[in-house]
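# Structural features, examined
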Amino acid sequence: MPMDARDIETMIKAAIPDAQVTIRDLAGDGDHYAATVLSESFRGKSRVAQHQIVYQSLKGQMGGVLHALALQTGVPEG
């Protein structure tokens, strides 16, 4: 069963409450998504560390229910 984009966003925001999350379904199949996650909590962390935080928020769904997630992370501007 594919994972809904709202579920992905909810899981990320539960782990990173200040996150600004944008999810796009790349193939229309519920298995291939792109996510942009911006959070002040990422400040000073490497891109790899930022991605690890997001993947941890998905609680093992990557590679299972969620087949692919193209991830962009960063700190909000302004």
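Given the structure is predicted, the values throughout are model-derived calculations rather than measurements.

### Some points on the environment of Gly-28
Tracing the backbone shows Gly-28 in the loop between strand S1 (20–25) and strand S2 (32–38). Under the relative-accessibility criterion, Gly-28 is labelled exposed at 64%.

### Observations regarding the sheet that holds strand S3 (residues 68–74)
Hydrogen bonds along the backbone pair up the strands of a sheet, which may run parallel or antiparallel. If you walk across this open sheet you meet the three strands as S1-S2-S3, and the pairing is mixed. At either margin of the open sheet sits one strand with a lone partner, and together these are S1 and S3. Neighbour-to-neighbour, the strand axes of this sheet turn through a mean angle of 15°, independent of strand direction. With seven bridges joining them, S2 and S3 adopt parallel strand pairing. Bridging from a neighbouring strand, Thr-36 pairs with Gln-72 of S3.

### Concerning the confidence of the model for the protein
Chain-level pLDDT for the protein is 89 on average; 92% of the residues reach the 70-or-more range. The weakest mean pLDDT in the protein belongs to S3 at 91; the strongest belongs to S1 at 95.

### Thoughts on the environment of Arg-47
Tracing the backbone through its elements, the reader meets Arg-47 in helix H2 (residues 47–57). C-alpha separation for the pair Arg-47 and Asp-31, spaced 16 residues apart in sequence, amounts to 23 Å.

### Things to note about the environment of Ala-15
Checked against the element boundaries, Ala-15 lands in helix H1 (residues 5–15). Between the alpha carbons of Ala-15 and Gly-78 there is a distance of 23 Å; along the sequence they are 63 residues apart.

Quick notes on the rules
Residues numbered from 1 in each chain as written. Predicted model: local features only at pLDDT ≥ 70, side-chain atom pairs only at ≥ 80, totals over all residues. Heavy atoms only, no water. Helix = DSSP H or I, 4+ residues; strand = E, 2+ residues; numbered from the N terminus. Buried < 20%, exposed > 50% of the residue type's maximum accessible area, 1.4 Å probe, protein only. Pairing = 2+ DSSP bridges. Axes fitted to C-alpha atoms, helices over the stretch in contact; angles between N-to-C directions. pLDDT = per-residue confidence, 0-100.

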